[in-house]
Amino acid sequence: MQRTFSIIKPDAVRKGQTAAVLAMMEAAGFRIVAIKKLSISKPQAAGFYAVHAQRPFFDSLTTFMSSGPAFVLVLEKENAIADLRKLMGATNPANAEEGTIRKKFAGSIEENTVHGSDAEETAAFEIGYFFAGYELV
Ligand code: CMP
């Protein structure tokens with residue numbers, strides 16, 4: 001079993017797509033280990049996306065991620081990290097495959113509905129960034 005971290009981003013929450021995204025995750029075999037709704041502050045978003053600090057889209061990304069409520073979650077299944085990324089589809093929805101979350105819901109490369117960890121070390125950092133151990137059940 002492997003755990004991964006995900007965010008249902010402010011665009012999806014605003015558009016009322018949270019339940020549909022969660023349903024796709026559960027239908028794909030993910031178990032929800034933890035979930036909470038929160039407003040991510042701009043400094044919190046900057047810390048979370050620190051690896052992108054030098055990218056030209058960093059300021060816009062952190063503004064977007066702090067633009068409204070989001071859901072942060074921890075998901076579990078075998079091969080969770082790779083399987084969630086497959087279910088999400090390409091970062092740019094224009095390149096996302098049919099049947100993926102981003103193909104179905106994402107509006108742009110930035111407002112792309114969901115985040116998912118890209119590696120084990122990233123997942124550990126990202127889970128710890130938003131959850132305490134006792135919240136993972
Ligand atoms: P995510 O998977 O959360 O990881 C970093 C985020 O930065 C990404 O999803 C997008 O929301 C955003 N992003 C990545 N590339 C670009 C880009 N070229 N322009 C704007 N935003 C981007």
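How each quantity is defined
Residues numbered from 1 in each chain as written. Predicted model: local features only at pLDDT ≥ 70, side-chain atom pairs only at ≥ 80, totals over all residues. Heavy atoms only, no water. Near = heavy atom within 4 Å. Polar contact = N/O pair within 3.5 Å; in protein donor to acceptor, adjacent residues only side chain to side chain. Nonpolar A, V, L, I, M, F, W, Y, C, P; charged D, E, K, R; others polar. Phe/Tyr/Trp six-rings, centres within 6.5 Å; stacked < 30°, edge-to-face > 60°. Helix = DSSP H or I, 4+ residues; strand = E, 2+ residues; numbered from the N terminus. Buried < 20%, exposed > 50% of the residue type's maximum accessible area, 1.4 Å probe, protein only. Lys NZ or Arg CZ within 6 Å of the ring centre and 35° of its normal.

Quick look at the site of the ligand now. As a matter of local geometry, the ligand sits amid Lys-9, Tyr-49, His-52, Phe-57, Leu-61, Thr-91, Arg-102, Ile-109, Glu-110, Asn-112 and His-115. A distance of 2.8 Å separates an oxygen atom of the ligand from a polar atom in the side chain of Lys-9. Separating an oxygen atom of the ligand from a side-chain N or O atom of Asn-112 is a distance of 3.2 Å. By residue class, the composition of the shell around the ligand is four nonpolar, four polar and three charged.

Let's shift gears to the packing of aromatic side chains. Under the defined criterion, the tally for this structure stands at seven aromatic pairs. Between Phe-5 and Phe-48, the ring centres sit 5.6 Å apart and the planes meet at 55°, which makes this aromatic pair tilted. Here Phe-5 is found in strand β1 (residues 2-8), whereas its partner Phe-48 is found in helix α3 (residues 42-48), with 43 residues between them in sequence. For Phe-5, a relative accessible area of 0% gives the class buried. Among the aromatic residues, ring-to-ring pairing joins Phe-5, Phe-48, Tyr-49, Phe-125, Tyr-129 and Phe-130 into one connected group. One residue, Lys-77, lies across the ring of Phe-30, its end atom 5.4 Å from the ring centre.

Phi angles above zero are rare outside glycine, and Asn-79 is one such case at about 60°. Mapping Asn-79 onto the fold places it in the loop between β3 (69-77) and α5 (80-88). Under the relative-accessibility criterion, Asn-79 is labelled partly exposed at 47%. Positive phi, normally seen in glycine, also occurs at Thr-113, with a value near 75°. Mapped onto the elements of the fold, Thr-113 is located in the loop between α6 (101-105) and β4 (114-116).

Keep in mind these numbers describe shape, not what the thing actually does.
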